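# Structure at a glance
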Amino acid sequence: MKKPELLAPAGSMESLKASVQAGCDAVYLGGELFGARAFAKNLTKEDLLYAIDYVHRYDRKIYLTVNTLVKEAELKDQLYSYLQPYYLQGLDAVIVQDTGVLAFLSEYFPKLPVHLSTQMTINRAEAAEFYKESTAGKNITRFVPSRELTLHELKIMRQKTDLELEVFIHGALCYCYSGQCLMSSMIGGRSGNRGRCAQPCRMPYQVERIDGKKVTAPGEYLLSPKDICTLESIPDLMEIGVDSFKIEGRMKRFEYAAGVTAIYKKVIDRCLEIGTAAYKNERDQHPETKSKDQQILMELYNRGSFSQGYLKEEPGPSMMSMVRPNHNGIKVGTVQKLTGIQAEISLETEVSPQDVLEIRGSQENAVYEFTVGKAGLSGTVYNTNVKPKAGVTVGQEVYRTKNTVLLQEIEENYLLNEKKLPITGRLKVIAGQPMELHLQHKETTCVVFGETVQHAQNRPLSEDDVRKQLVKTKDSPFEFDTLDIAIDGAGFLPVSKLNELRRDALDRLETTIVERFRRSKLESLLPAPFEDRDRIENLEEGKDVKKGLETEGFLVLVSKKEQLLPVLTHERTATAILDITEISLDSITDMIQKCREYEKKCYLAFPRILREDAIQTKGIFSKRIHPYESLLFSEAIDGVLLRNMEEVAYIKSINFQKEILLDSMLYVMNSKSKEFWKQNGNYKLTAPLELNANELKDLRIKDMSMIIYGRIPLMISAQCLYGNCEICKKKNSGAPIVLIDRMGKRFPVQTDCINCQSVVYNTEIYSLFYQAEEVKELQPQSLRLDFTLEDMDEVLQIMNMASNAYFAQDSGACENPRGATKGHFHRGVQ
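These numbers were taken from a predicted model, which means no experiment stands behind them. (Residues numbered from 1 in each chain as written. Predicted model: local features only at pLDDT ≥ 70, side-chain atom pairs only at ≥ 80, totals over all residues. Heavy atoms only, no water.)

Our next topic: the overall build of the protein. Helix and strand content of the protein: 27 helices and 36 strands. The C-alpha atoms of the protein give 31 Å as radius of gyration, which agrees with the globular expectation for 830 residues (28 Å, within 12%). In terms of principal-axis extent, the alpha carbons of the protein reach across some 110 × 80 × 50 Å. A total of about 34200 Å² of accessible surface is found on the protein, and carbon and sulfur atoms cover 47% of it. Positive and negative side-chain charges of the protein, numbering 107 and 115 respectively, have mean locations separated by a distance of 2 Å. (Helix = DSSP H or I, 4+ residues; strand = E, 2+ residues; numbered from the N terminus. Rg over C-alpha atoms; globule rule 2.2 N^0.38 Å. Areas by Shrake-Rupley, 256 points an atom, 1.4 Å probe, with all protein chains shown as cover. Lys, Arg positive; Asp, Glu negative; His and termini not counted. Charge placed at Lys NZ, Arg CZ, Asp CG, Glu CD.)

Pasting the structure below:
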């Protein structure tokens with residue numbers, strides 16, 4: 001069985017070193033730019049160059065995160081110079097989200113391996129294969145699929161692609177599909193796509209039905225999933241053939257990174273030693289071992305215990321930590337007596353000095369926190385003073401959130417005492433000749449010559465004298481496994497010369513080891529006229545384009561049958577886009593016919609997420625795939641709106657030759673991304689929602705569609721608030737509920753009970769009606785209106801507002817929907 005890579009997070013230099021010493025095969029980390037964890041203790045340039053050498057010294061690999069969306073100015077002015085020194089130093093791979101970055105790397109760093117990030121929301125192998133076979137795919141070696149996938153889906157994925165498959169096995173889980181979340185961006189200006197997520201999923205919320213009726217919930221942290229722990233699934237993942245096991249946690253301390261790495265390494269090594277089947281049997285026969293490992297992992301970090309993630313669990317409340325969104329620790333006792341300010345705690349687990357304990361109330365809130373002063377044994381009573389009126393009562397549970405002994409052990413084992421690399425040595429000490437020291441570590445060798453050995457006048461050097469000095473390798477990463485000394489017994493040298501020889505040889509060996517990973521040159525230098533070439537290209541493309549829109553009509557997305565008539569009857573409608581997720585097949589067929597009657601172009605909008613399970617077993621897309629294929633090729637359909645790479649690959653596979661519009665969540669943030677799509681098909685693009693007007697101007701969106709109205713989807717989730725708060729009856733589709741945050745803002749949530757997904761929409765309607773003149777200055781190819789929850793009257797009202805804003809002669813006629821937001825059109829994101 002192939003040994004999988006164990007990939008550890010390195011949010012700091014301490015985490016990197018401790019993870020390597022704990023036994024990981026590779027680390028991933030961010031630098032000062034372009035990383036999806038902007039608030040981690042990311043390494044400086046000097047530290048990162050050192051880190052590359054440190055990891056290579058131990059024959060491990062190091063991957064750099066470049067997994068954010070990149071703006072045009074950053075692509076031109078920063079990316080090349082940022083990556084160049086790390087590339088030359090021997091960086092093993094980069095992790096990428098942006099298709100523009102992918103295209104950039106293919107052109108300017110063609111020999112640098114690329115890993116496709118989970119931020120790319122890859123749910124089927126076909127999507128990864130599309131990237132690999134694209135013009136920018138020559139250095140793609142690996143992809144990280146969405147964390148929502150099941151073991152069954154991963155098995156199918158493994159069978160369909162020879163790209164390396166990297167899967168998250170432990171750590172935090174997002175409520176939303178990675179790469180599909182705009183919540184932090186839209187409500188706070190901190191974009192998860194730019195590495196600055198404010199984690200709104202860890203905040204408290206309430207739920208109401210659309211009619212105002214409260215929905216019962218087990219807690220207030222309704223969007224907070226438990227961390228995943230897949231110890232149970234490691235044998236299954238190895239049998240599937242997953243290439244890399246990834247631990248989440250770049251924001252956590254080194255004790256977490258090293259401790260989790262050590263536990264999973266032990267399990268992987270045992271599976272390799274005795275086989276996965278035998279390991280499963282051994283685990284079942286000795287549950288105490290599994291329990292001990294689980295407890296260590298829980299002490300390091302857990303949110304209300306663990307789930308196994310989507311690998312083996314159905315979406316639902318068992319995967320959620322709705323009562324407590326942060327570290328839960330483990331239960332160590334119960335308050336059994338309270339006398340004045342003294343509490344007696346019955347311990348069920350040993351506690352040690354400097355442990356941090358919490359006494360918790362009925363809602364798992366911390367009533368009182370204190371630091372242990374003296375040790376307490378399991379089965380004994382521990383006495384502590386508590387603050388008056390703290391709320392401590394008999395029967396409350398006590399949890400440990402910091403296990404000092406465990407943390408000290410990890411620090412001692414993996415940070416303070418680095419493992420020495422074994423070397424062999426051969427030394428010649430012959431009077432009248434230069435000293436000659438040969439060193440070897442694995443396949444790497446070096447030889448160093450020292451001072452000429454003098455003829456001894458008195459006491460000559462003995463072998464013991466020489467060995468005593470040579471084995472002093474404490475300040476180096478090496479230690480001698482064997483050291484052969486050839487000495488004639490007639491020579492003499494000062495001890496300082498022996499020490500100098502040792503230091504020079506060990507330095508030479510270390511340098512030789514890391515230089516094996518160096519790259520001596522860049523295969524493709526950044527051409528000086530990069531910016532001018534882009535400017536000229538755009539001028540040539542736009543030389544015959546006059547200022548203004550290509551067509552004086554709107555693209556209009558409808559999500560309900562009743563929304564179509566006011567759209568079709570409006571003179572400014574050019575194209576109706578029918579959302580097949582929200583509308584039944586029978587209704588879709590009727591609506592297509594209506595579009596023909598009113599002589600409007602008709603597109604079909606595909607689902608926001610397309611999964612293997614949905615295609616093979618259930619789901620709106622699979623049940624209608626053959627009817628839809630016949631519709632797609634009929635004269636009644638003019639094009640499609642695609643929302644993910646799975647659909648792009650599918651449309652390519654059926655040789656669809658009509659108009660293809662890519663939605664805004666297939667992010668196009670820079671000219672290289674536009675170039676990627678231009679070179680790999682005939683696609684119309686949609687301007688992204690996270691660029692401001694000036695940045696859109698830099699992007700030159702005259703060949704792109706632009707959304708000017710709609711409810712922006714903030715989260716697309718495999719979880720369902722109905723299912724997590726009530727008994728799911730699989731009949732809530734089309735009945736939106738409302739998520740209410742601590743500020744009273746109300747976010748509509750649309751459920752899809754067939755595919756067991758939900759979409760959280762922004763509390764405010766997105767509208768650029770007041771910004772019409774600025775939008776027209778940008779010269780977008782087309783304007784789009786998206787209707788979701790609106791009724792017929794609201795649709796007609798919005799259509800008229802949009803028409804007045806963009807086409808009326810009197811600009812004073814412009815209106816805006818009440819409480820609308822212009823999103824990032826002016827402010828943008830960092």
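Now for helix α13 (residues 404-416). Listing the buried residues of α13 in full gives T404, L406, I410, Y414 and L415. Projected onto a plane normal to the axis of α13, the buried residues spread over an arc of 160 degrees and lie on a single side. Buried residues in α13 make contact with α1 (13-22), α10 (254-274), α12 (287-300) and β17 (397-402). Structurally, the start of α13 carries an N-cap: the backbone nitrogen of V405 is 3.3 Å from a side-chain oxygen of N403. (Buried < 20%, exposed > 50% of the residue type's maximum accessible area, 1.4 Å probe, protein only. Arc of directions from axis to C-beta. Contact = heavy atoms within 4.5 Å. Polar contact = N/O pair within 3.5 Å; in protein donor to acceptor, adjacent residues only side chain to side chain.)

Moving on to the packing of α12 against α13. The N-to-C vectors of α12 and α13 enclose an angle of 95 degrees; their axes lie 10 Å apart at closest approach. In this view, α12 runs roughly perpendicular relative to α13, as classed from their interaxial angle. Here α12 contributes I296, E299 and L300 to the contact with α13, which in turn contributes L406, L407 and I410. (Axes fitted to C-alpha atoms, helices over the stretch in contact; angles between N-to-C directions. Parallel < 35°, antiparallel > 145°, perpendicular 65-115°, else oblique.)

Here the focus is the pattern of salt bridges. One pass over the structure, following the stated rule, counts 57 salt bridges. The residue R518 makes a salt bridge to D53 at a minimum N-O spacing of 2.6 Å. In this pair, R518 is assigned in the loop between α15 (495-515) and α16 (530-542) and D53 in helix α2 (residues 45-57), connecting sequence segments 465 residues apart. Residue classification places R518 among the partly exposed positions, given a relative accessible area of 31%. Assessed through its relative accessible area of 16%, D53 is described here as buried. Among the salt bridges present, the one from K312 reaches D236, with a minimum N-O distance of 3.0 Å. In this pair, K312 sits in the loop between β11 (306-307) and β12 (330-339) while D236 sits in helix α9 (residues 234-240), placing the two residues 76 residues apart along the sequence. According to the relative accessible area criterion, K312 is partly exposed, its value standing at 41%. Ionic contacts of the salt-bridge type, sharing partners, join the residues E5, R142, E164, E166 and K246 into one network. (Salt bridge = Lys/Arg side-chain N within 4 Å of Asp/Glu carboxyl O.)

These results come straight from atomic positions and should not be treated as a statement about function.
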